Amino acid sequence: MLNGCTLAPKSKTVQIIKTGCPPVTPCYLPMNNLQQNRSLLDDNSAILNAWFDCALQVEMIYQCQQDQHEKTNSITPDAH
């Protein structure tokens, strides 16, 4: 038996720390195949949709990073 060893109190709650953000896919703009004026409108719509999908991924990662930053700051005590 070891002398001088004491048991530390058990922690009250277990904190699960999630590291990393969800995976994303590369953003690609669709190729165009313009043959008439109507195709230009369709092409413009496809490009806007592609940019929108890409922006959603950027927003998702940004929000994930902000959440992690807030969690990290709430865990570490202020150094004052």
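Heads up: these notes are all about the structure in this document.

Cut-off values and rules
Residues numbered from 1 in each chain as written. Predicted model: local features only at pLDDT ≥ 70, side-chain atom pairs only at ≥ 80, totals over all residues. Heavy atoms only, no water. Helix = DSSP H or I, 4+ residues; strand = E, 2+ residues; numbered from the N terminus. Buried < 20%, exposed > 50% of the residue type's maximum accessible area, 1.4 Å probe, protein only. Contact = heavy atoms within 4.5 Å. Areas by Shrake-Rupley, 256 points an atom, 1.4 Å probe, with all protein chains shown as cover. Disulfide = S-S within 2.5 Å.

Some details on the overall build of the chain
Turning to step 1, where the next piece is worked out: Tallying secondary structure elements over the chain gives 1 helix and 0 strands in all.
Turning to step 2, where the next piece is worked out: When each of the 80 residues of the chain is scored for burial, the buried share is 9%.
Turning to step 3, where the next piece is worked out: Partitioning the intrachain contacts of the chain with sequence separation of at least 6 by distance along the chain shows that 62% fall at a separation of at least 24.
Turning to step 4, where the next piece is worked out: As presented, the chain carries roughly 7,900 Å² of accessible surface, and 59% of it is formed by carbon and sulfur atoms.

Description of the state of the cysteines
Turning to step 1, where the next piece is worked out: Throughout the structure, instances matching the rule amount to 2 disulfides.
Turning to step 2, where the next piece is worked out: Two residues share a disulfide in this structure: Cys21 and Cys64, whose sulfurs sit 2.2 Å from each other. Given an S-S torsion of about -95°, the disulfide between Cys21 and Cys64 has left-handed geometry. On the criterion of sequence distance, the pair formed by Cys21 in the segment before helix H1 (37–75) and Cys64 in helix H1 is long-range, its members being 43 residues apart.
Turning to step 3, where the next piece is worked out: The class for Cys64 is buried, based on a relative accessible area of 11%.
Turning to step 4, where the next piece is worked out: Going through the chain in sequence order and numbering each bonded cysteine, the pairs you get are 1-4, 2-3.

What about the side chain of Ser39?
Turning to step 1, where the next piece is worked out: Topologically, Ser39 is positioned in helix H1.
Turning to step 2, where the next piece is worked out: Those residues in contact with Ser39 that sit more than four places away from it in its chain are Asn33 and Leu34.

What about the side chain of Gln57?
Turning to step 1, where the next piece is worked out: Tracing the backbone shows Gln57 in helix H1.
Turning to step 2, where the next piece is worked out: On the basis of relative accessible area, Gln57 is assigned to the buried category, the value being 17%.
Turning to step 3, where the next piece is worked out: Aside from chain neighbours lying at most four places away, what touches Gln57 is Val24, Thr25 and Cys27.

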